[in-house]
Amino acid sequence: MGAAKQEVEDVYAVTARARFFYDSKDKQRERAMAMGAEEDGPRLEVGELIPGLPDDVAIECLARVPSRSHRRMRRVCRGWRGAVGSSEFRRRRGAAGAAEDVVFLVQAAPAAGDGKGSTPECALTAANLTTGEWRRVEGPDEAWGPVPLFAQCAAAGDGRHVAVVGGWDPDTLRPTSDVRVLDVPAGTWRRGRHMPDNRSFFGCAGGDGNVYVAGGHDESKNALRSALSYSAQGAFKKTAERYTATGGAWADEDEVVPDTGETCLASVRGKVWAVGAGKGGVREWDGAARAWREVADGPPGMKARVKAAGIGNGDGTALFVFGTVADAAEGSKYSAWVMGAGGAPWKRVPVPSGFGGFVYSAAAVRV
């Protein structure tokens, strides 16, 4: 009841100013003169998003409602559902400065009871970097079960979909071809088409409405050199055994990956960044020069990186890093940091109690 009341207050607060401005005597007089109507303005028309407001003003109001209320907003009426799910709604949120950056993490979940003798579980966490809220993202029902162990997640790059792909079945501890697709604005899940093969420990990234899977191991632990692309609309396509974005083939890039196991990779501003701890810990790959360029030092206080993700729906306006802290006395083994891609200082992001599990994959969406 409290959450519903808060959402009503959110909607009322962002529309109050527009209603006051639109319903003022001066504005009523302007509308009456422009429309050749009575001074009390136009009557309610079927299909209006907010009674008494033109739709362009109404969608400006709705675009400012916090994302935590979007799922219930879609249930108000057909007009609101269409508005909240539209690309124009997302554009208006961005233009109004109301967009929120949410990082999705596949991480180890707290064990039930004392945890002894039980199979570890994974869960999907949504960390809203704009509001500071962290929460578990549950499946639609119990039949979905927990997130597979070691699953990978990736944002499709369309500002809407996040896919949770593969991993180990928690009951059989064998690789799975499972695909789950989350519509972030709607807050709804659907089953995606399974991968053509079962694989684990593969690379996974997203962009241009697709999620890409590369390498990994099959059920017999054989290394794979194939890659797959998955459309957010629900279809897998297998690529050639050797693949590049332009030539359709894999190429050996021995110099690309830094010569240390203490870095992780992320896409920022359309380029590959390697993230590690310490001085010069953040580097950018220069494809033309075939060399790494130092961007910044690693996050202050970070002992070792765990996962990183570029923030900003493909434009990579910032970098998110989840890692271990150097000082265990700070009360948590893990912490998170954010740095602007333009070289802004690192900002520590508090990790709430219950969300300190190891992170296996990360993906960011701007809502």
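What counts as what
- Residues numbered from 1 in each chain as written.
- Predicted model: local features only at pLDDT ≥ 70, side-chain atom pairs only at ≥ 80, totals over all residues.
- Heavy atoms only, no water.
- Helix = DSSP H or I, 4+ residues; strand = E, 2+ residues; numbered from the N terminus.
- Polar contact = N/O pair within 3.5 Å; in protein donor to acceptor, adjacent residues only side chain to side chain.
- Contact = heavy atoms within 4.5 Å.
- Phe/Tyr/Trp six-rings, centres within 6.5 Å; stacked < 30°, edge-to-face > 60°.
- Buried < 20%, exposed > 50% of the residue type's maximum accessible area, 1.4 Å probe, protein only.
- Pairing = 2+ DSSP bridges.

## Considering the side chain of T176
Turning to its location among the elements, T176 is positioned in the loop between β5 (161–165) and β6 (179–183). Reaching out from T176, the side chain makes a polar contact with the backbone nitrogen of D178 at a distance of 3.1 Å. Those residues in contact with T176 that lie beyond four places of it in its chain are P148, G166, G167, W168, D169, M195, N198 and R199.

## Considerations on the packing of aromatic side chains
In the structure shown here, the tally under the stated rule is 9 aromatic pairs. Considering the side-chain rings of F150 and F201, the 5.4 Å spacing of their centres and the 40° angle between planes classify their relative orientation as tilted. With a gap of 51 residues between them, F150 in the loop between β3 (134–136) and β4 (152–155) and F201 in the loop between β7 (188–191) and β8 (203–207) connect regions that are remote in the sequence. A residue is classified by how much of its surface remains accessible, and F201, at 48% relative accessible area, is partly exposed. With a centroid separation of 5.7 Å and an interplanar angle of 75°, the aromatic rings of W168 and F201 are classed as edge-to-face. Taken together, the residues span a long stretch of sequence, with W168 in the loop between β5 and β6 and F201 in the loop between β7 and β8 at a distance of 33 residues.

## Some points on the pairing of strand β14 (residues 282–286)
Along β14, 4 of the 5 residues are buried, which leaves the element largely enclosed by surrounding structure. The pairing of strand β13 (residues 271–275) with β14 spans 3 bridges and is classified as antiparallel. Within β14, the position partnered with V275 by the bridge is V282. Two successive antiparallel strands, β13 and β14, enclose a turn made up of 6 residues, where G278 displays a positive phi of approximately 85°. As judged from the 5 bridges shared by β14 and strand β15 (residues 291–296), these two strands associate in the antiparallel manner. Each bridged residue has a counterpart across the sheet, and for R283 the counterpart in β15 is E294. Between β14 and the antiparallel strand that follows it, β15, lie 4 residues; R290 among them carries a positive phi value of about 50°.

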